[in-house]
Amino acid sequence: MRSRRRVATVTVLLALVLCALPGVASAHPALPADASCPFGTAPGPPVDESEVLKPGQPEPTPLPIPDPPIGGAALGACGDVVGDGAPPAPAVGVVSYVLADLDSGQVLAARNPHARLRPASLMKTLTGLLVARQLPLDETITGTQEDADQEGTRVGIGPGGQYTIRQVFDSMMIASGNDAAHALAVRLTGSVPATVDLMNTTARELGALDTRAATPSGLDGPGMQTSAYDLASIFRVAMREAPFAQAVATTRIPFPGYGTNPPFEVVNDNKLLTSGYQGYLGGKTGFTDDARHTFIGAAERNGRRLVVVLMHGEQRPTPMYQQAAALLDHGFALPDVRGVGTLTDGPAPGDGPQVSVVPETGGGDAGPAPSSGATSSSWGTPLLLIAVVAGVGGLVALRSGRR
C-alpha cells in the first residue's frame, strides 16, 4: 500500500547536523540576520516529483514572514532555545522541534521552531480539527474508487463500502489512512480543493502563519509547508475537541469491509501509545520522502499536560517516538521556569495586535533573532562543517515508503 522511492540523503543529514550541533547554554542571541538559518523561509527542494504543478496550476506564492515572530521574539531562533535558568533539553536528531504546555501554551524548549518544513501526515491534525468541529460523526458515508486509489498508506476503504464518519475519522488519525482523509475532505466541503482552502483559512485564523496545506492527507504537494510551532498550536486547539482527543488516544477499532472483503481491525501505529508511555494522551506519526519522519505526541502527569512536535528526523539511531519520549520526560522534570514563548490559537495578525511582515526571499534566510532572555546553541566551527560535508558526501541513497 506504500509507494517506494530512492531518496538522496546528503542534504537531509547535513541539515540535521547543522541543527543538532552542541552549543554553549548561555545568554548568546540567535544567529545574526545574515547567517544561515536552514528552512527559515521555505522547505528545501523536493527529492521526487510529488510537487510538480498540474497543467494550469499556478506557482504557489511565498508565505510572508511575521516580524516579530508569532509566539514571542525568542521563537525566531535558528538553534536551540530554553527558558532562563532551565537546563538544556536532551539531544535529538531532528531539524526542528517544539516542547510546550498543552494547556497554557507556554513553550518550554524548542529548536528552530518556525522552520518551514513539510509535515507529512501531521497535516491530518488540521483536517481532523475540521472534522471534529463540523461533521456529524454518526452519519454514514459511502466509499468511492477515488478514495481507494489514494497514494501511500490506506486503511482499506473501498467503493460501495458503508462507513460512519466516526469510523473514517478514527482510522485517519490512528492508522494515517490517506483514503480516509480523502473521503472526509470530500464530505467536508464537496471537493478536496475546497477543503484545502478551508484548512488554510483555519490555519490563518489560528495564527499558524507558517502553514500552507496542499493536500488533506499530508502527502506532499506544491507549496506544502508548516512548522513545529504551528503544528503544536493546531494540535493544542484540536485536543479541545472531544472526538479528536478520543481518536488520537484509540489503540484499535473494528472497520467494515466492502463487497466481498470482510471486516477487519485497524491498529494504531504510534509506538509511544502502544508501548505504554506513562500518561500518554495520543498523537500522530508521519513520513514522506520529502518530509522525512515527523511526530506529534502529548502526555499528562500530575495534572500537567505537555505536547512535543518533531520534524524532519530519522528513525536511526534513535526511533522518533523515543526522541519524543526523551523531550516529554525533560519537560515533566522541569521546575516552574519561565518559557521562551507561547503557542497561538489566533487571531492572525491584522485581526488583533498589528505585526509587520517581512516578505519571503527564498529558503535558507535567517529568521528573526530572539531576545536575550533565551539561550541559543552554537553552530560549531567552519572546519567542523567542512568535515561534515566531506563525511556525508559519500553516503548511499535510502529507500522508504510514504505515509
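The following paragraphs examine the structure supplied in this document. (Residues numbered from 1 in each chain as written. Predicted model: local features only at pLDDT ≥ 70, side-chain atom pairs only at ≥ 80, totals over all residues. Heavy atoms only, no water.)

### Details of helix H6 (residues 192–206)
Between its first and last C-alpha, H6 extends 21 Å over 15 residues, near the 21 Å set by a 1.5 Å rise per residue. All of the buried residues in H6 are Thr195, Val196, Met199, Asn200, Thr202, Ala203 and Leu206. For H6, the angular spread of buried residues about the axis comes to 160°, placing them on one side. Turned more than 90 degrees from where H6 packs its buried face, Pro193 and Asp197 sit exposed. Structurally, the start of H6 carries an N-cap: the backbone nitrogen of alanine 194 is 3.2 Å from a side-chain oxygen of serine 191. Once H6 ends, the next one or two residues include glycine 207, with phi positive near 85°. (Helix = DSSP H or I, 4+ residues; strand = E, 2+ residues; numbered from the N terminus. Expected span 1.5 Å × (residues − 1). Buried < 20%, exposed > 50% of the residue type's maximum accessible area, 1.4 Å probe, protein only. Arc of directions from axis to C-beta. Polar contact = N/O pair within 3.5 Å; in protein donor to acceptor, adjacent residues only side chain to side chain.)

### Considerations on the pattern of salt bridges
Evaluated as defined, the whole model comprises 12 salt bridges. Arginine 305 is the salt-bridge partner of aspartate 103, the closest N and O atoms lying 2.7 Å from each other. One end of the pair, aspartate 103, is in the loop between strand E4 (96–101) and strand E5 (106–111); the other, arginine 305, is in strand E12 (residues 304–313), and 202 residues separate them in sequence. (Salt bridge = Lys/Arg side-chain N within 4 Å of Asp/Glu carboxyl O.)

### So, the packing of helix H2 (residues 124–134) against helix H7 (residues 228–238)
Relative orientation of the contacting elements H2 and H7 amounts to 20°, with a least axis distance of 9 Å. Put simply, H2 runs roughly parallel to H7. Crossing angle aside, the handedness with which H2 passes H7 is left-handed. From H2, Thr125, Leu126, Leu129 and Arg133 reach across to H7, where they touch Leu231, Ile234, Phe235, Val237 and Ala238. Of the residues belonging to the contact of H2 with H7, the class tally is 7 nonpolar, 1 polar and 1 charged. (Axes fitted to C-alpha atoms, helices over the stretch in contact; angles between N-to-C directions. Parallel < 35°, antiparallel > 145°, perpendicular 65-115°, else oblique. Left-handed = near helix turned anticlockwise from the far one by under 90°. Contact = heavy atoms within 4.5 Å. Nonpolar A, V, L, I, M, F, W, Y, C, P; charged D, E, K, R; others polar.)

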